[in-house]
Amino acid sequence: MGANVTDLFSSLEPQERRVFWVLQKQGPLSKNQLQQITGFKLTTLNRFLRPLEEKSLVIRSQFGKSSGGRKPALYDVNDRTYYILGADISRIYMKVVVTNLKMQVVLSRHFDMEETSTPEWTVKKITEVVKELLLTKVIDAKILLAGVGTVGPMDKPRGMLTSPRYFKAPGWHNVPISMLLESTLGCHVALDNGANTAVLAESLYGIGCGHDRVLYVNCGMGIRMGTFFDGALIHTAENEEDTFGHMVVNADGIRCACGKRGCLDCYASARAIAENFKRHREAGEGSTLPANAPWRDICMAATDDHLAKEMILRAAFYLNVGLSNLIGLLEPGLVILSGPLIQISTLYYQTVVKQANLLNYSHKNKTNFHRGGNFKGDAIAVGAAALALEEAIGVNTAISHV
Ligand SMILES: [Zn+2]
């Protein structure tokens, strides 16, 4: 089902991969433009381009503007033959996308994760998406690579989920997910946590293009974060994505499941909004909603209901406490706020951004904010595909060797 990536990328010289990497990010380009970017002489560039064309990784795509005389040929990566699969495996849904080599999504499928959604079921569904691609979209498509963005903790070098919690189906402990997919798809499968793959997609191909440092903060039942820092993804030892969620924002605060007091998760997440609302209702405060109202209802009621509004403002305040610490430490050019809580509550998002802009962060370059990023709900899956390509090309050593 998959193409043999070993033949395609491992057999290329480092300079040939670099030319591919430049074209993949900036193509279409003329030879003249390629020379200016890479610094190669024309004869050298021709030598590096030849194997890329022979393997159909690069094609002459169109003609550029002439500055007098013949129009120059433009080169780009082949967006018709080779494809990359990206899967976003979460506890409640799975998103599978197929992209071309320009990271454009050609097929996207969504599945709910139920009590029967075991690792074997997941692999079967991903395989079916590839079959659908071959039957309905591109008959001679070759899946060159695949990537998975999912929840930690995980053993990234071994492509293994170790002890993720809260999957509805059994069997999700010590799952060699990369190996399971590699044996079915016949290509290399990269693995990382979903917040990291999302920040990679946005930093290389989305709203974060041009920023050296990007934070991707996903606000849902918990707070997850991915960090793109000077061209590299930052990883913890077990590749968890919830370390920001366990930053202490209230030293004498609520006891968190992790054992510490006052973690961000206990104040700024969707779960925290529902729990804090319940606590206030049971203490006798008035509201149009019952004490056990779901967080979505609290968000929707916040325009008219005083207590609901207070809970959203309080959660936004604490997210901003955490963010201001992070921004002071990392000085990102862009913070992308995403996830169901950001999608549903405009009040939450706008309060965070307003307070962040009021604080005069000390670093020289102002931090910008964006709601949702360019890839929206596809970010984790597209980023998984992007990670697979970066690791295979191996030019961006900061990403491929972490
Ligand atoms: Zn905690």
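The following refers to the structure shown. (Residues numbered from 1 in each chain as written. Predicted model: local features only at pLDDT ≥ 70, side-chain atom pairs only at ≥ 80, totals over all residues. Heavy atoms only, no water.)

### A word on the sheet that holds strand β1 (residues 29-30)
Adjacent strands of a sheet form backbone hydrogen bonds with each other and so pair up, either parallel or antiparallel. Across the sheet, which stays open at both edges, the three strands sit in the order β1-β3-β2 with antiparallel pairing between neighbours. Looking at strand neighbours, the two that pair on one side only are β1 and β2 (58-63), the edges of this open sheet. Where β2 lies against strand β3 (residues 73-77), five bridges are found, and the strand directions are antiparallel. Looking at the pairing, R60 lines up with Y75 of β3. Along the sheet, helix α2 (residues 14-26) makes contact with β1, β2 and β3, crossing β3 at roughly 95°. (Pairing = 2+ DSSP bridges. Helix = DSSP H or I, 4+ residues; strand = E, 2+ residues; numbered from the N terminus. Contact = heavy atoms within 4.5 Å. Axes fitted to C-alpha atoms, helices over the stretch in contact; angles between N-to-C directions.)

### Topic: unusual backbone geometry
A cis geometry characterises the amide bond from G27 onward to P28, with omega recorded as 5°. Summarising the element assignment, P28 is placed in the loop between α2 and β1. Not every positive phi belongs to a glycine, and D230 is a case in point at roughly 50°. Structurally, D230 is set in the loop between β12 (223-229) and β13 (232-233). You can call D230 partly exposed: its relative accessible area is 45%. (Buried < 20%, exposed > 50% of the residue type's maximum accessible area, 1.4 Å probe, protein only.)

### Some points on the packing of aromatic side chains
In the structure shown here, the tally under the stated rule is six aromatic pairs. Between F111 and W121 the ring centres are 6.2 Å apart and the planes differ by 85°, which places this aromatic pair in the edge-to-face class. A residue pair is termed long-range when its members are at least 10 positions apart, and F111 in strand β6 (residues 105-112) and W121 in helix α5 (residues 119-137) qualify at 10 residues. Looking at F111, the relative accessible area reads 17%, which means it is buried. Taking the centre distance of 4.3 Å and the plane angle of 15° together, the rings of F167 and W172 count as stacked. The same class applies to F167 as to W172, namely buried. An aromatic cluster is built from Y267, F317 and Y318, whose rings are joined through pairwise contacts. (Phe/Tyr/Trp six-rings, centres within 6.5 Å; stacked < 30°, edge-to-face > 60°.)

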